[in-house]
Amino acid sequence: MKNMENIHREFFDSLYEAEKFWNSADHLVYITLPVVKDTKLLLRVLENLHKCAVRAISTILKFEYLYKRITLSSDSARNLEIFFSKCASRYGLGTDDREKIKKIIHLGKKHKEAGVEFPRSGKVIILDDNLGREEIRVEEMKVFIRVLRGLLDNMNKGFRGIE
């Protein structure tokens, strides 16, 4: 029984960490960015949203695996597929929200691999080594914040019954 308490504590600790990343992104977009007006801050927002999404998905996958609702793979891409096909709807994610989370993950990877990033008129442009181009805009970050808030709220509700 003591071991299960530790496992449950780990779930709540991971959820708390995801919440911290979300809070940081939210604060940057709604408080800091309007005052500082430096669009490069959008990259920090993206980093925090990416970390939040990855932490939340990882925690959900571990939780669902523990309760034998899914099987996990050693391949992270396959596990992400499992999350979107078998877990996302249980945590209140509709088709649009799933696409938004996929976009957060995609942009986060592009940012990490970026050859060049630069601000341009209210947005940040990310260029990869093949000159592939992605744009980050404040409005889009606000949508991502809303989607991840819903996911975190549903995780809180889902995990509440295990205390």
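For the structure itself, consult the block above.
Residues numbered from 1 in each chain as written. Predicted model: local features only at pLDDT ≥ 70, side-chain atom pairs only at ≥ 80, totals over all residues. Heavy atoms only, no water.

**Quick word on the pairing of strand S2 (residues 123-127)**
And step 1. With respect to burial, S2 is a largely interior element, five of its five residues being buried.
And step 2. Covered by surrounding structure in S2 are Lys-123, Ile-125 and Leu-127 together with Val-124 and Ile-126, the residues of both alternating faces.
And step 3. Here five bridges tie strand S1 (residues 116-120) to S2, and the two strands are oriented antiparallel to one another. Bridge pairing in S2 places Glu-117 opposite Ile-126. (Buried < 20%, exposed > 50% of the residue type's maximum accessible area, 1.4 Å probe, protein only. Helix = DSSP H or I, 4+ residues; strand = E, 2+ residues; numbered from the N terminus. Pairing = 2+ DSSP bridges.)

**Describing unusual backbone geometry**
Only a minority of non-glycine residues have a phi that is not negative, and only a minority of peptide bonds are not trans.
And step 1. The residue Lys-68 is not glycine, and still its phi comes out positive at about 60°.
And step 2. Secondary-structure assignment places Lys-68 in the loop between helix H2 (41-66) and helix H3 (76-87).
And step 3. Despite not being glycine, Ser-121 shows a phi value in the positive range, around 35°.
And step 4. Along the chain, Ser-121 falls in the loop between S1 and S2.
And step 5. Classification of Ser-121 as exposed rests on a relative accessible area of 67%.

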